[in-house]
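Descriptive structure summary
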Amino acid sequence: MGTKQFSGSPEDADLRRADSLAREIFSDVANKWALLIIEALGERTLRFSELRNEIEGISHKMLTQNLRMLERNGLVERTVHPVVPPRVDYALTEPGQALRVTIDGLCDWTHRYLGHIETSRHRFDA
């Protein structure tokens, strides 16, 4: 599937439409690894290995794919330093920082309702 071009029409921003640009973007960033990468970066600049150490369970491949996707969407900035050995840093852009505020809210919600959700799961699974 090719990338939808932004035409400025209201349909582009309609998440309910399967062909909307908004849904394409939402699909990109609404995955656990992207959310965890954004949360891990926060207001810091980190190297690939530092990010991988921050996010338990993420594979090299998944971190690479998600960093590329976040960079493509303008949420993460990748800086390559001309040194030997090569050094690459990752940081959130302004839109990435703005999204982080929303992710922080999701994290707060998770912490607040963790016990309730766990109780509901036990009740459901019984």
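Bear in mind the structure is a predicted one, so any value in this text is a computation, not a measurement.

Okay, the overall build of the chain next. When helices and strands are counted, the chain shows five helices and three strands. Along the chain, from the amino end to the carboxyl end, the secondary structure elements read α-α-β-α-α-β-β-α. Radius of gyration (C-alpha) of the chain: 17 Å, far over the 14 Å computed for a compact globule of 126 residues. With 126 residues in all, the chain has 29% of them scored as buried. Long-range contacts, defined here as pairs at least 24 residues apart, represent 43% of the contacts in the chain between residues at least 6 apart. Here the chain has roughly 8,900 Å² of accessible surface; of this, 55% comes from carbon and sulfur atoms. Looking at charge distribution, the chain has the averaged site of its 17 positive side-chain charges lying 4 Å from that of its 19 negative ones.

Another aspect to go through is helix H5 (residues 94–125). At Tyr-113, H5 shows its strongest bend, of approximately 60°. Gly-96, Arg-100 and Ile-103 are the residues of H5 that are buried.

What follows deals with unusual backbone geometry. Across the junction of Val-84 and Pro-85, the peptide omega takes the value -5°, indicating a cis bond. With respect to the helices, strands and loops of the structure, Pro-85 is situated in the loop between strand S2 (76–81) and strand S3 (87–92).

What follows concerns the sheet that holds strand S1 (residues 46–47). Reading across from one edge, S1-S3-S2 is the order of the three strands in this open sheet, with antiparallel pairing throughout. Across the chains shown, the open sheet's two edge strands, defined by having one partner strand only, are S1 and S2. Both S1 and S3 contribute to a ladder of two bridges, which runs antiparallel. Considered in S3, the bridge of Leu-46 is made with Tyr-90.

The next thing to look at is a nonpolar patch on the surface. A surface patch of nonpolar side chains, about 290 Å² in accessible area, is lined by Leu-106, Trp-109 and Tyr-113. Residue classification places Leu-106 among the partly exposed residues on the basis of a relative accessible area of 41%.

Averaged over the chain, the pLDDT score is 91; the fraction of residues at 70 or greater is 90%. Considering each helix and strand of the chain separately, the mean pLDDT is smallest for helix H1 (residues 21–29), with a value of 87, and largest for S1, with 98.

Take the nonpolar core next. Side chains of nonpolar character tend, in soluble globular proteins, to be buried together. Residues Ile-37, Leu-41, Leu-51, Leu-67, Leu-70 and Tyr-90 are the most contacted members of the largest nonpolar core, which totals 22 residues. Of all elements in the fold, only helix H2 (32–41), helix H3 (48–54), helix H4 (60–72) and S3 reach the threshold of two or more residues within this core. Among the elements that line this core, the one with the most residues is H2, at six residues. Ignoring any residue separated from it by four or fewer positions in sequence, one finds Leu-51 in contact with Ile-37, Ala-40, Leu-41, Leu-46, Leu-63, Leu-67 and Tyr-90.

This part covers the pattern of salt bridges. Per the stated rule, a full pass over the model turns up five salt bridges. A salt bridge links Arg-17 to Asp-19; its shortest N-O distance comes to 3.1 Å. Residue Arg-17 is classed as partly exposed on the basis of its relative accessible area of 33%. Overall, the relative accessible area of 42% leaves Asp-19 in the partly exposed class.

Parameters at a glance
- Residues numbered from 1 in each chain as written.
- Predicted model: local features only at pLDDT ≥ 70, side-chain atom pairs only at ≥ 80, totals over all residues.
- Heavy atoms only, no water.
- Helix = DSSP H or I, 4+ residues; strand = E, 2+ residues; numbered from the N terminus.
- Rg over C-alpha atoms; globule rule 2.2 N^0.38 Å.
- Buried < 20%, exposed > 50% of the residue type's maximum accessible area, 1.4 Å probe, protein only.
- Contact = heavy atoms within 4.5 Å.
- Areas by Shrake-Rupley, 256 points an atom, 1.4 Å probe, with all protein chains shown as cover.
- Lys, Arg positive; Asp, Glu negative; His and termini not counted.
- Charge placed at Lys NZ, Arg CZ, Asp CG, Glu CD.
- Bend = angle between axes of the 7 residues up to and from the residue.
- Pairing = 2+ DSSP bridges.
- Patch = residues over 30% accessible without salt bridge, like charges linked within 9 Å, V, L, I, M, F, W, Y side chains within 5 Å.
- Salt bridge = Lys/Arg side-chain N within 4 Å of Asp/Glu carboxyl O.
- pLDDT = per-residue confidence, 0-100.
- Core = buried A, V, L, I, M, F, W, Y, C linked by side-chain atoms within 4.5 Å.

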